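# Observations on chain architecture
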Amino acid sequence: MTRDDITAVLIDELGQIAPETDASRLDPNAELREELDIDSMDFLNLVTALSERLEIDIPEIDYPKLATLGHAIDYLAQRLGGTA
Amino acid sequence: MGEFRMPSLGADMEAGTLVEWLKRPGDRVKRGDIVAVVETQKGAIEIDIFEDGVIERWLVEPGTTVPVGTPLALIAGAQPAVVAKVLEVPAAPTAPAPAAPPRVEPPLAAGRARTSPAARRLASERGIALAGLSGSGPGGAILFADVERAAAGAGPGPALPKRLDLKEMRRAIAAAMARSKREIPHYYLSTTVDLTRSLGWLEAANATRSPAQRLLLAALLLKAVACALGAAPEFNGFFTAEGFQPGSGIHIGTAIAIRGGGLIAPAIRDADKLSLEDLMARLRDLVTRARSGALRSSELSDPTITVTNLGERGVEAVFGVIYPPQVALVGFGMPVERPWAIGSEIAVRRVLTATLAADHRASDGHRGALFLADIDHRLQSPETL
């Protein structure tokens, strides 16, 4: 899975949570929780969807690594690289 | 012959607009079946029926706005009186009572059209984008039939963005706040809860769970309130013309912020009897459906108390406004790190402010204090929740 593929999955799932915003236009350095008004239930749903679609585990302790779009892509790419 | 009536979805609702029928005359219905969609200030709500029978005929056509209690359909084989549950409330002008100031976002250019839950489900099944549809329902609402048409390839052109009616929502909030503050002699209590044990237990529990099985702090907080209510029944129920009426179960109205504005507090029924896992599953389901506009009428009329949880962002404490005719509201602020005395030492601990707003006609501060302290006590033994 390429970085572009991961980005597409992430944008798609963010769109599910915040359908009124265009996740593809997000600033990669902005805090997702602030930018998309995501609460802890939304975030858990995001993590659940990502772990199921990408078939990786995302431990709770790693949640801070998903704080921005850019960091989340880096983290997911690294997790996928490590498990491939 | 029974009558299926416009239900009251809370103290605030005076009238509703029938959006569409999901059953036809001649259809057999069972208790719990969804028979209609009604547009209210809380959005499109699915109305479930409370008795078995056969739909004899419709009395109201879609698009009609009628007062609460108006017969909508005749049901053969049902008890004559109450088919749709009507919450009995004192007759006062009312409106939705948010536990906290509702989060109203500015209207967005790409705002979503109102869509009936059945239409939303069909669109999701058929992979049809709701944004591309124009609705034929009241106020441009997208109906089941519109999605069916689009699915058949005869979809009308793109819809104009439907904006949230902020004026209507503000009016509803104003009426609710005024009624609550006018009629309910509130008293307020506050306490600080050391969350070390609860959060430590939660982190350990979640470390071995897949994301789909993980618990949120909210589930522990709701369970602690539900268990404490077992010993504090005067906070669980309704205040009516006959005085305080205890609830027939512990059904916790859980305040959920709606994207695009507003707040809704549907019930988690019998929360005291649910395991943490089941409670979490119910909460997850409720949040999802509240935000996609797929709540059932019974979920809005059932709550016997409200819990509002500010979550991880925001401020430390919330002093709630009671949702009439309920008699109490428990509020949880944002968990924060604070210096905390343990014996003669000071340590940094994660703490949370728990508050109680309660109706002085139904209870006193002393009982309220015991109730709030009991919630704290239970959060110190999360493994027993």
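Scroll up to find the structure.
These remarks concern the structure in this document. Source: prediction; values computed, not measured.

Quick notes on the rules
- Residues numbered from 1 in each chain as written.
- Chains lettered and ligands numbered in written order.
- Predicted model: local features only at pLDDT ≥ 70, side-chain atom pairs only at ≥ 80, totals over all residues.
- Helix = DSSP H or I, 4+ residues; strand = E, 2+ residues; numbered from the N terminus.
- Buried ≥ 20, exposed ≤ 12 C-beta atoms within 10 Å, placed from the backbone.
- Contact = placed C-beta atoms within 7 Å.
- Pairing = 2+ DSSP bridges.
- Core = buried A, V, L, I, M, F, W, Y, C linked by C-beta atoms within 7 Å.
- Axes fitted to C-alpha atoms, helices over the stretch in contact; angles between N-to-C directions.
- Left-handed = near helix turned anticlockwise from the far one by under 90°.

## Notes on the overall build of chain B
From N to C terminus, chain B includes eight helices and 19 strands. Counting the 385 residues in chain B, one finds 45% classified as buried. A sequence separation of at least 24 residues applies to 69% of the contacts in chain B between residues at least 6 apart.

## Let's talk about unusual backbone geometry
Residue B:Pro324 is joined to B:Pro325 through a cis peptide bond whose omega torsion reads 5°. Looking at the secondary structure, you find B:Pro325 in the loop between strand S16 (305-309) and strand S17 (328-332). For A:Asp37, which is not glycine, the phi dihedral falls at a positive 55°. The residue A:Asp37 is located in the loop between helix H2 (32-35) and helix H3 (40-54) in this model. Unlike most non-glycine residues, B:Asp270 shows phi in positive territory, near 50°. Here B:Asp270 is to be found in the loop between strand S15 (267-268) and helix H6 (276-292). C-beta crowding within 10 Å serves as the criterion here: with 17 such atoms nearby, B:Asp270 is assigned to the partly exposed category.

## Regarding the interface of chain B and chain A
Between chain B and chain A, the residue contacts involve 19 residues of the former and 14 residues of the latter. Of all the secondary structure elements, the ones that give two or more residues to the side of chain B that touches chain A are helix H4 (196-207) and H6 of chain B. Per-element accounting of the side of chain B that touches chain A gives the leading share, three residues, to H4(B).

## Observations concerning the environment of A:Phe43
All names here are of chain A. Structurally, Phe43 is set in helix H3. Between the alpha carbons of Phe43 and Leu14 there is a distance of 9.4 Å; along the sequence they are 29 residues apart. If near-sequence neighbours (up to four positions away) are discounted, Phe43 is found in contact with Arg33 and Ile38.

## Regarding the pairing of strand S11 (residues 243-246) of chain B
Here strand S10 (residues 237-240) of chain B pairs with S11(B) via four bridges, running antiparallel. Paired with B:Thr240 across the strands is B:Gly243, a residue of S11(B).

## Looking at the nonpolar core
Residues and elements named next belong to chain B. Counting residues in each nonpolar core, the largest one holds 106 residues, and the members touching the most others are Ala219, Leu222, Val225, Ile252, Ile256, Leu283 and Ala328. At 11 residues, the largest contribution of residues to this core is made by helix H5 (residues 217-230). Residues contacting Leu283, with those up to four places away along its chain left out, are Ala218, Ala219, Leu222, Thr254 and Ile268.

## Observations regarding the packing of helix H1 (residues 3-17) of chain A against H3(A)
All names here are of chain A. Viewed as axis vectors pointing N to C, H1 and H3 meet at an angle of 145°, and their least axial separation amounts to 10 Å. The chirality of how H1 crosses H3 is right-handed. Mapping the contact onto sequence places Val9, Glu13 and Ile17 in H1 and Asp42, Asn45, Leu46, Ala49, Leu50, Arg53 and Leu54 in H3.

## Section: the sheet that holds strand S6 (residues 53-58) of chain B
Residues and elements named next belong to chain B. Taken in spatial order, the four strands of this open sheet run S1-S8-S6-S3, and their pairing is antiparallel. Each having just a single partner strand, strand S1 (2-5) and strand S3 (28-29) make up the two edges of the open sheet. Here S1 runs beside strand S8 (residues 71-76); their pairing, made up of four bridges, is antiparallel. When the sheet's bridge partners are listed, Phe4 is paired in S8 with Ala73.

## A few points about the pairing of strand S19 (residues 345-359) of chain B
Residue and element names in this part refer to chain B. Alignment of strand S9 (residues 186-194) against S19, held across nine bridges, turns out to be antiparallel. Its bridge partner being in S19, Asp194 is matched across the sheet by Val351. Pairing of S17 with S19 involves five bridges; the strand directions are antiparallel. Across the sheet, the residue bridging to Gly331 is Thr355, located in S19. With seven bridges joining them, strand S18 (residues 336-342) and S19 adopt antiparallel strand pairing. For Pro339, the partnering residue across the bridge sits in S19 and is Val348. Linking S18 to S19, which pair antiparallel, is a turn of two residues; within it Gly343 sits at a positive phi near 65°.

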